[in-house]
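Results of the structural survey
What follows is each chain in one-letter form.
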Amino acid sequence: MTGRFKSQLKEINESFINFDRLSTLQINVGDLCNQTCTHCHVTAGPNGKKIMSKKIFDKIIEYIKENPAITVDITGGAPEMNPHFKYFVGSILPYVSRIMVRTNLTIIFEKGYEWLPDWYGKNKIVLVASLPCYTEDNVNRQRGKGVFNKSIEALKILNKKGYGRSIELNIVYNPGGAFLPGDQTSLEEDYRHKLFSQFGILFNYLFTITNAPIGRFEEQLKRSGEHSKYMKLLMDNFNPNTAESIMCRSTISVNHEGTLFNCDFNQMKNMPILKRSKVPLTISDIQKASEKGYPIVMADHCYVCTAGAGSCCTGALDAG
Ligand code: SF4
Ligand code: SF4
């Protein structure tokens, strides 16, 4: 089965298996998190030990200063829990065209993180917030007891700081099990209606993201005997219209040690971008990794990006 994804893409267009142009640098600052969600592909939690050091952050800052017109997408874990998070964001703010932080929302209620909503708002950081459903039961089942109510309270606080109006606030939906997301446009309408009518909450866009068969979600699939069935679902729903836009053609992902990957999923699979000598590329080699035509490292989990409407860190690829 290995190599099948690459062959399928190659049949559509030879260039789809290679890097195109760098528009987004995604930085995974570590696996420390205040939650332990069942769908987490990075297996993050309160005992996370992979923490990006200031030395690695400084190398990234150096690169961004020299290559300013890119989007920076910061993820984790709960990225805010990295001790250098504020320093890093503050350092790159004057240079980048856009900073997105993937927040789990509940972090703002943890001791020592109360400053976040105010600071986010003042710096107009784009937030991408996880809320996998608009019903309490579904959210709590995936993300833990009490998470829904805290998330709603957090969204209300962010709305008061201007989020959802003058500052961009996006919500991430992911399915509550081994199935593909529904239509992004219809789900966005449902979310908009439910969140506003029940809680007065405003947001900008909904991103539907397919669950990746990696990390804690993969373990759950294996425990329930659904792994093969889920892989088949992803493969059977391969959508050729999504192939050109897979995110690894325009994004490079950096892990806590500064190693480069084609995406966060490859990070979790420990499949770095390699030099011809098979040595992993690091942040110091980013010019090389972002050359047009540089080969993308692919495997079976890649079908998560092309199933149905497709999926990337900013939602569906073929939304209509
Ligand atoms: S899904 Fe997000 S909030 Fe949940 S454990 Fe993983 S990193 Fe933390
Ligand atoms: S899993 Fe990663 S490498 Fe594979 S297609 Fe998706 S973005 Fe590209």
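Quick look at the structure, then. Keep in mind it's a predicted model, so treat the numbers as computed, not measured.

This part is about the overall build of the chain. Secondary structure assignment for the chain yields 12 helices and eight strands. On C-alpha atoms alone, the chain measures out to a radius of gyration of 19 Å, which is about the 20 Å that the 2.2 N^0.38 rule sets for 320 residues. Along the three orthogonal principal directions, the C-alpha set of the chain runs to about 50 × 45 × 35 Å. Within the span of the chain, comprising 320 residues, buried residues form 57% of the whole. When the accessible surface of the chain is summed, it comes to about 14,100 Å², and 50% of that surface belongs to carbon and sulfur atoms. If you average the places of the 38 positive and of the 31 negative side-chain charges in the chain, the two averages end up 4 Å apart.

For the rest of this paragraph, the subject is empty space enclosed by the protein. For the structure shown, the criterion picks out four cavities of 30 Å³ or more. Considered as a void within the structure, the largest cavity measures approximately 610 Å³ in volume. Around the largest cavity sit 30 residues that line it, and H39, H41, T75, R102 and S130 are the ones nearest its centre. Taken together, the elements giving at least two residues each to the lining of the largest cavity come down to β3 (98-103), β4 (126-130) and α10 (264-268). Partitioning the lining of the largest cavity into residue classes produces 12 nonpolar, 14 polar and four charged. Here the second largest cavity is characterised by a volume of approximately 110 Å³. For the second largest cavity, the lining is made up of 15 residues, of which C248, C263, N266, C302 and C305 are closest to its centre. For the lining of the second largest cavity, the elements supplying multiple residues, two or more each, are α10 and α12 (303-306). Each residue belonging to the lining of the second largest cavity can be placed in one class, and the counts come to 12 nonpolar, three polar and no charged.

Moving on to helix α8 (residues 215-223). Of the positions making up α8, those classed as buried are G215, R216, F217, E218 and L221. Its buried side turned inward, α8 meets α9 (227-236). Phi turns positive, to about 75 degrees, at G225, one or two residues after α8.

Looking now at the site of ligand 1. Taken together, C33, Q35, T36, C37, H39, C40, A44, G77, N104 and R143 make up all the residues around ligand 1. Considering only residue class, the shell around ligand 1 consists of four nonpolar, five polar and one charged.

Close to ligand 2 lie F5, M247, C248, C263, F265, N266, I296, V297, H301, C302 and C305. A breakdown of the residues in the shell around ligand 2 according to their chemical character gives nine nonpolar, two polar and no charged.

Turning next to the side chain of N170. Relative to the assigned elements, N170 resides in strand β5 (residues 169-173). N170 sits in the buried class, given a relative accessible area of 0%. Here the side chain of N170 touches Y205 through a polar contact of 3.1 Å, landing on its backbone nitrogen. The contact partners of N170, leaving out residues within four places of it in the chain, are R98, V126, L127, V128, A129, N204, Y205 and F207.

Turning our eyes to something else, we now look at unusual backbone geometry. Residue G77 follows G76 across a cis peptide bond; omega there is 20 degrees. Note that G77 resides in the loop between β2 (71-75) and α3 (85-92). Phi at T43 takes a positive value of approximately 50 degrees, unusual for a residue other than glycine. Note on placement: T43 falls in the loop between β1 (24-28) and α2 (54-66). Residues other than glycine seldom take positive phi values, yet N270 does so here, at roughly 55 degrees. You can see N270 is positioned in the loop between α10 and α11 (286-289).

Basis of the calculations
All residue numbers refer to positions counted from 1 along the written sequence of the respective chain. Each chain takes a letter, starting from A, and each ligand takes a number, starting from 1, following the order in which they are written. Reporting in this predicted model follows two pLDDT cut-offs: at least 70 for local features of residues, and 80 or more for side-chain atom pairs to be given and counted; totals over whole chains, interfaces and linings ignore these cut-offs and use all residues. Calculation of side-chain values draws on the structure's entire complement of heavy atoms; hydrogens and water are dropped beforehand. Helix and strand definitions follow DSSP, with helices as H or I runs of at least four residues and strands as E runs of at least two, each counted in order from the N terminus. Each radius of gyration is computed over the set of C-alpha atoms, and the globule rule expresses the reference value as 2.2 Å times the number of residues to the power 0.38. Each residue is assigned to one of three classes by its accessible area relative to the maximum for its type, calculated with a 1.4 Å probe on protein chains only: buried under 20%, partly exposed between the two thresholds, exposed over 50%. In short, Shrake-Rupley with a 1.4 Å probe defines the accessible areas, and a residue's cover is counted only from the protein chains shown. All tallies of charge rest on Lys and Arg as positive and Asp and Glu as negative; His and the ends of each chain are not included. In plain terms, the charge of a residue is placed at NZ if it is Lys, CZ if Arg, CG if Asp and CD if Glu. In the cavity and pocket records, a cavity denotes points on a 1 Å grid over the protein atoms alone where a 1.4 Å probe fits but cannot get out, a pocket denotes an open set with protein on both sides within 12 Å along at least 5 of 7 lines, and lining residues are residues with an atom within 4 Å of a point. Grid points are joined across faces, edges and corners, and a volume is the space filled by probe spheres set on the points. Put simply, Ala, Val, Leu, Ile, Met, Phe, Trp, Tyr, Cys and Pro go in the nonpolar bin, Asp, Glu, Lys and Arg in the charged bin, and everything else, Gly too, in the polar bin. The criterion used for residue contact is that any of the two residues' heavy atoms lie within 4.5 Å. Here a residue is near a molecule or strand as soon as one of its heavy atoms is found within 4 Å of it. Polar contact is defined as a pair of N or O atoms within 3.5 Å, subject to the rule that within protein one atom must be able to donate a hydrogen and the other to accept it, and that residues adjacent in sequence are counted only when both atoms are side-chain atoms.

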